Amino acid sequence: MTQLEDRPDVQPEIGRDRRRKEDQRLITGRTRWTDNITLPGMLHLAMVRSPFAHAKITSIDTEQAKASTNVVGVYTAADLGESQGVLINAWAITEDQKAPTHLPMPGDRVTFAGEIVAVVVARTQREARDAAELVDVEYEELPAVLDLKKAAADEVLAHPELGTNKSAFWKFDSEEAGTGGNVDAAIEKARTDGVVIEREYRQQRLIPAFMEPRSTVVDPTGEQITMWSATQIPHILRFALAATTGVPESKIRVIAPDVGGGFGGKLQTTPEEWLTFCLANKLGKSIKYTETRSESLVAAHHGRDQWQKLTLSAEKDGTVTGLKVELLADLGSYVSLVGGGVPVLGAFMFNAIYKFPAYQFNCQTVFTNKTWTDAYRGAGRPEATYGIERMMSELAAELDMDPIELREKNWIKHEEFPFTTVAGLEYDTGNYEAATAKALEMFGYDELRAEQKQRRDAGDRVQLGIGISTFTEMCGLAPSRVLGQLNYGAGGWEHASVRMLATGKVEVVTGASAHGQGHETAFSQIVADRLGVAFEDVEVLHGDTQIAHKGLDTYGSRSLVVGGEALVKATDKVIEKAKPVAAHLLEASVDDIEFSAGRFSVKGTDQGLAIGEIAAAVFAAHNYPEGMEPSLDSEATYDPVNFNYPHGTHLCAMEVDTETGAVKMRKYVCVDDIGNVINPLIVSGQVHGGLVQGIAQALWEEAVYDEAGTLVSGSFVDYLLPTSADTISFDIEHTTTPSITNTLGTKGVGEAGTIASTPAVVGSIVDAVRHLGVNDIQMPCTPERVWKAIQGAGDGGPATEGAAMPHFDPDEPGTDSTEGAGA
């Protein structure tokens, strides 16, 4: 509830389209990216990186580089020793997880192409990069393991000292957890008197490809060591630096200035940050490092990279009875900050919106000699949504049912909320029926199905397919107790403070750190409504650990539902603090004071004072209640009791040329339910951007390595990012089912489009050629892959590439069957 609901003359801010406050400085170039920061006497770093995926470092000759113009020094691991620190893994998903020590710069062996082996310090960036070319490193190349399935077989080891490529095995079983039945029994029963669908799906490796390359500046010359970094996580970065370098946390200040995108790719503590920090301290000089785009693509962490083996059982009428997931997840060469836990997040989402009575999730994380993986927009949930939505469509095809009808038969009905799922989560609210009905109407579903039938009957060269994704996600990464049960190394709370200035203006400090989401605008709208002040009178401060002294930063669609709720609580404390002052000044009882639309008034009278007048009176401190401190400033730390669960229905129509494999998007409709909307304009931007990223996974993007472990998609010539010319105009709408777990009734939106769109697009392509015998096409669905799938359909050729999925549950023998996974 806002403070403006009983003032029809005042337009509420919440629910209003507001252009972002941030955009004026961003689009006019008046902002400060990290790479724009220049300090007196600042030096520059360049990294020397390994060209080999796995090799022993036999010698490093730095003499020629040291002799180069304006080079201050060249450093190796031997020079820095323990002062370089170590990179942390904050999420060991099991007690026996295996993980190699992750040094910012190794001294004896490299384990992926792009790993740093030496650092050049020079007076300019150009001189540092030129000198880096002169560092002569001798390597003894070692066998590298690059294929995920082969890595699980342990024939070649990414880290021989570990004795295995297997890092951790994590399992959830509904029978063991008491949330459902025995999944193996359900599957065996369905083999006799129902239907069993078994498929393997590939989640290709992706690169976050944020707009602004990573950059770090460290100034060690003051009372504190100040680091500016293009990061999503300034507070976590500060803690990790203190925990691993021996520098007290109180002596470290981290600033995330304007950050040009992240998508999870800047949810990381990086070797480059640690080395910049180390060398700045060592030399007593300010130092900057900014990566090139090629370095960003090869060495910044990657995302996804999984094999999924899914087994779904159902009765002959389409009622689902069991779901079993077997997952191989590629960690790359190291267990990164939260990389080991990313696939585990999917464990709670494979069951999605469906009432599975039995469920089991098995995940084996595996090392390879490739760039390490971690969060990428959605982090585990897009992978899960892709798997289950593809499987539901496969079941519908097997039973010759309409895929919408099958979903309706199995999803949670709106009157059944709150609903505890087979994965143990409690979904608080939802209305899948309303979102789907609206989407079907906007899409023209029946008409497009009729056109599809007409094209099939006529044997048209260009066929039409319809893809469906009725998704939900868990977001607002928290609660702390749940994260603790999952062995996560931090909490899920967020902090905010509200300062009432003497002039009636408001300063808001939040621990959430924006990198393009529009925090300054949305948070201003919330506070303006809550306090009844002008939108323009609210200033939002963030991203600086000296100003926002507490926080857990931005990722997992948590800023609004966690950070926003902390802000609401802090704002409400301001109002409660001001009430006794208002009562004192108005010579009334506190019980008779009402607050609405920024004004304190006495019940039944026209006496009142604006909150700005109260702030001025408190500042002057000439006349305020005895025993009260003269301050309205308030702060709050909020730890949610539950995740929240946005959902939606996404429908995609694709045309497929059966002779060339070319695909073309005809129509895309999505209806998302994200609870109450603070700023519809920002939401539209989030949804559109998310859709393009999910569609890009389906059609274009893939990080590809050659047999030697070299990233061959190491530039935007080969790593295909879409432009506006490659996409169509999407039709987006919303239904509203407010969350009941937070005051604002909001749900997350930052990842919704990415999570939902990929299965809708791939599903529509498969649907277009299913009658030709195709039931899967590996992403990205390039014309070549589509054409090969059509050509191979007649001889039953495999839809997936590589060896059979290994069985990796030590407690369950099982088989490697991929029955049903035809062309």
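Residues numbered from 1 in each chain as written. Predicted model: local features only at pLDDT ≥ 70, side-chain atom pairs only at ≥ 80, totals over all residues. Heavy atoms only, no water.

Visitor: Describe in detail the sheet that holds strand S7 (residues 166-173), supporting the description with residues and values.
Guide: As summarised here, the arrangement of the 5 strands in space is S7-S15-S14-S13-S8, forming an open sheet in which the pairing is mixed. One side of each edge strand has no neighbouring strand; the edge strands of this open sheet are S7 and strand S8 (195-206). Looking at each pair of strands side by side, their axes are set apart by 10° on average, direction ignored. Note: S8 against strand S13 (residues 303-314), 11 bridges, orientation antiparallel. The partner of Gln 203 across the bridge, within S13, is Gln 306. Across the sheet, helix H12 (residues 381-399) is in contact with S8, S13 and strand S14 (320-332); its angle to S8 comes to roughly 145°. (Pairing = 2+ DSSP bridges. Helix = DSSP H or I, 4+ residues; strand = E, 2+ residues; numbered from the N terminus. Axes fitted to C-alpha atoms, helices over the stretch in contact; angles between N-to-C directions. Contact = heavy atoms within 4.5 Å.)

Visitor: Break down the pairing of strand S2 (residues 55-61) for me, citing the residues and quoting the values.
Guide: Sheet analysis places S2 next to strand S4 (residues 109-110), joined by 2 bridges and oriented antiparallel. Within S4, the position partnered with Ala 55 by the bridge is Val 110. Strand direction decides the pairing type here: S2 and strand S6 (residues 136-141), joined by 6 bridges, are antiparallel. Across the sheet, residue Asp 61 finds its bridge partner in S6, namely Asp 136.

Visitor: With reference to specific residues and values, describe the packing of H12 against helix H21 (residues 752-769).
Guide: At a minimum axis separation of 8 Å, H12 and H21 run at an interaxial angle of 35°. The two elements H12 and H21 cross, and the hand of that crossing is right-handed. Contact residues: H12 offers Arg 381, Pro 382, Thr 385, Tyr 386, Glu 389, Arg 390 and Glu 394, while H21 offers Thr 754, Ile 755, Thr 758, Pro 759, Val 762, Gly 763 and Val 766. Class assignment of the residues belonging to the contact of H12 with H21 gives a composition of 6 nonpolar, 4 polar and 4 charged. (Left-handed = near helix turned anticlockwise from the far one by under 90°. Nonpolar A, V, L, I, M, F, W, Y, C, P; charged D, E, K, R; others polar.)

Visitor: Explain the domain arrangement of the chain to me, and be specific about the residues and the numbers.
Guide: Per the domain assignment, the segments making up the chain are domain 1 (4-31 + 493-638), domain 2 (41-142 + 213-259 + 266-299) and domain 3 (168-207 + 301-476 + 642-818). Here the C-alpha centre of domain 3 lies 37 Å away from the C-alpha centre of domain 2. At the junction of the two partners, domain 2 supplies 30 residues and domain 3 supplies 33 residues. For the domain 2 and domain 3 pair, buried surface summed over both sides reaches about 2,700 Å², with 65% attributable to carbon and sulfur atoms. Three residues stand out in domain 2 for area buried against domain 3, namely Trp 91, Ile 93 and Leu 297, and they jointly supply 26% of the buried area on that side. The interface formed by domain 2 and domain 3 holds 0 salt bridges in total. Counting across the interface, domain 2 meets domain 3 through 11 residue pairs in polar contact (both at pLDDT 80 or more). (Domains from an automatic or database assignment. Buried area = accessible area lost by both parts, 1.4 Å probe. Salt bridge = Lys/Arg side-chain N within 4 Å of Asp/Glu carboxyl O. Polar contact = N/O pair within 3.5 Å; in protein donor to acceptor, adjacent residues only side chain to side chain.)

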